[in-house]
Amino acid sequence: MTVMVQIKSLRKEFGPILAVDDVSFDVVRGEVLGFLGPNGAGKSTTMKMVTGFLAPTAGTAVVCGHDVKEEPIKAKAKIGYLPEGAPLYGDMTPEGLLKFIAEVRGIPRSKRKAAIELAAGRVQLEGVMRQPIETLSKGYKRRVGLAQAILHDPDVLILDEPTDGLDPNQKFEVRQLIHEMSGEKAIILSTHILEEVGAVCSRAIVISRGRIVADETPQDLETRSRHYNAVRVSVRGGAEKLVAELKRLERVSSVESLESANGVAECRVFPKPGASIVADVSQRLKDLNLQVDGLTVEPGRLDDVFRSLTKPSSQGGDA
């Protein structure tokens, strides 16, 4: 696989504040990397250094073979960047802005119209192309920002909160677009929306207090959740006996009673680390001769894992 981005020991200090502390990773073509972390973790600062908007205190980034410090123009030519907040020229129209960006990017005059129409169509801007940007909704402004990022068909896309301000339908459309583009590009996206990671990312890096604390697939991260392989049980009658009996199972770590209604009692059974308990729980229910209304195995929860990795006591700020 072709390595498109190499981030090497990036460090950024703002006076006494250490915002990014020795961050290193590679991104290959065809990969969608979710860059996760709480506010103040160093996500946006890292992205700004990779794109050349901030000079690192130490370390560097190499984009498609070009060092952002030694060859900044060549490196930036390979990048499409959607910064946080999508700063735009409010008095321009989307059409005017994209024409300006096309010229700055060096797109040949003969190809500019087609490039603008393709980018605008991909993010569904056609209806507002001649409306002043300052009059657009937050969602449309975000789409204008995304259009300028993909206008020159870059090899590397760096997207800081790409679906911020979009409604659910628009978020779905942007995620579909990222998926469509991912085969030929390396994409790094920062997001606070954990469901987005599972929806579009092939890999996830979690950063906390300027340091990488996890680098895995979203599916592997989910296995760290205490809910991974937990079993949710619904029965009619016998709830008191049920909880006590399930707690006695060897591979069960704990049992959580849930709300009961209309004669149906529910509980969630948590396994010990690495254990699968659905067969054990099913057999115990059969032994107890209880009427089972439901039995499901739960997936892991990324929010569990995110909190455990980034809480203050964890080893690990966006400045």
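Attention in this report is confined to the structure presented alongside it.

Rules of the game
- Residues numbered from 1 in each chain as written.
- Predicted model: local features only at pLDDT ≥ 70, side-chain atom pairs only at ≥ 80, totals over all residues.
- Heavy atoms only, no water.
- Helix = DSSP H or I, 4+ residues; strand = E, 2+ residues; numbered from the N terminus.
- Buried < 20%, exposed > 50% of the residue type's maximum accessible area, 1.4 Å probe, protein only.
- Areas by Shrake-Rupley, 256 points an atom, 1.4 Å probe, with all protein chains shown as cover.
- Expected span 1.5 Å × (residues − 1).
- Arc of directions from axis to C-beta.
- Contact = heavy atoms within 4.5 Å.
- Disulfide = S-S within 2.5 Å.
- Pairing = 2+ DSSP bridges.
- Axes fitted to C-alpha atoms, helices over the stretch in contact; angles between N-to-C directions.
- Salt bridge = Lys/Arg side-chain N within 4 Å of Asp/Glu carboxyl O.
- Parallel < 35°, antiparallel > 145°, perpendicular 65-115°, else oblique.
- Left-handed = near helix turned anticlockwise from the far one by under 90°.
- Nonpolar A, V, L, I, M, F, W, Y, C, P; charged D, E, K, R; others polar.

Some points on the overall build of the chain
Consideration 1: Scanning the chain from terminus to terminus reveals 11 helices and 14 strands.
Consideration 2: Across its three principal axes, the chain shows a C-alpha extent of roughly 75 × 45 × 35 Å.
Consideration 3: Classification of the 319 residues of the chain by burial places 47% in the buried group.
Consideration 4: Total accessible area computed for the chain in this model is approximately 15,600 Å², and 49% of it derives from carbon and sulfur atoms.

Some details on helix 4 (residues 109–122)
Consideration 1: Under the 1.5 Å per step criterion, the end-to-end length of helix 4 is 21 Å for 14 residues, consistent within 8% with the ideal 20 Å.
Consideration 2: Here helix 4 has its buried residues at Arg112, Ala115, Ile116, Ala119 and Ala120. Looking down the long axis of helix 4, one finds its buried residues gathered within 120° of arc, a one-sided arrangement. Away from the buried face of helix 4 by more than 90 degrees, exposed residues Ser110, Lys111, Lys113 and Leu118 are located.
Consideration 3: Buried residues along helix 4 sit against helix 3 (94–104) and helix 5 (138–150).
Consideration 4: Positive backbone phi, approximately 60°, marks Gln124, located one or two places after helix 4.

As for the state of the cysteines
Consideration 1: For the structure shown, the criterion picks out 0 disulfides.
Consideration 2: We note that Cys64 lacks a disulfide partner, and the nearest cysteine sulfur, in Cys201, lies 19 Å from it.

Examining the sheet that holds strand 14 (residues 291–297)
Consideration 1: Across the sheet, which stays open at both edges, the 4 strands sit in the order 12-13-11-14 with antiparallel pairing between neighbours. Two strands in the sheet have a free side with no partner beyond their single neighbour: strand 12 (252–257) and strand 14. Strand after strand, the sheet turns through a mean of 20° between neighbouring axes, direction not considered.
Consideration 2: Bridging between strand 11 (residues 231–236) and strand 13 (residues 264–271) involves 6 bridges; their strand directions are antiparallel.

Concerning the pattern of salt bridges
Consideration 1: In total, this model carries 24 salt bridges according to the counting rule given.
Consideration 2: Between Asp21 and Arg211 there is a salt bridge whose closest N-O contact spans 3.0 Å. In this pair, Asp21 sits in strand 2 (residues 17–28) while Arg211 sits in strand 10 (residues 211–216), placing the two residues 190 residues apart along the sequence.
Consideration 3: Among the residues examined, Asp21 registers a relative accessible area of 16% and is labelled buried.
Consideration 4: Taken together, the shared-partner salt bridges in this structure form one network comprising Arg11, Glu13, Asp21 and Arg211.

Quick look at the sheet that holds strand 8 (residues 186–190)
Consideration 1: Pairing is mixed across the open sheet formed by 6 strands, whose spatial order is 6-7-8-3-9-10. Edge positions in the sheet fall to strand 6 (79–82) and strand 10, since each has one partner strand and no second. Ignoring which end each strand starts from, the neighbouring axes of this sheet average 15° apart.
Consideration 2: Strands in contact with helix 1 (residues 43–50) are strand 3 (32–36), strand 6, strand 7 (156–160), strand 8 and strand 9 (203–208); relative to strand 7, the strand with the most contacts, it is inclined by about 150°.

Side note on the packing of helix 3 against helix 5
Consideration 1: It is at 10 Å that the axes of helix 3 and helix 5 come closest, and there the two elements cross at 25°. As judged from the angle between their axes, helix 3 and helix 5 are roughly parallel. The chirality of how helix 3 crosses helix 5 is right-handed. Each of Pro94, Leu97, Leu98 and Ile101 in helix 3 lies in contact with helix 5, whose residues at this interface are Val144, Ala147 and Gln148.
Consideration 2: Here the residues of the contact of helix 3 with helix 5 are counted per class, giving 6 nonpolar, 1 polar and no charged.

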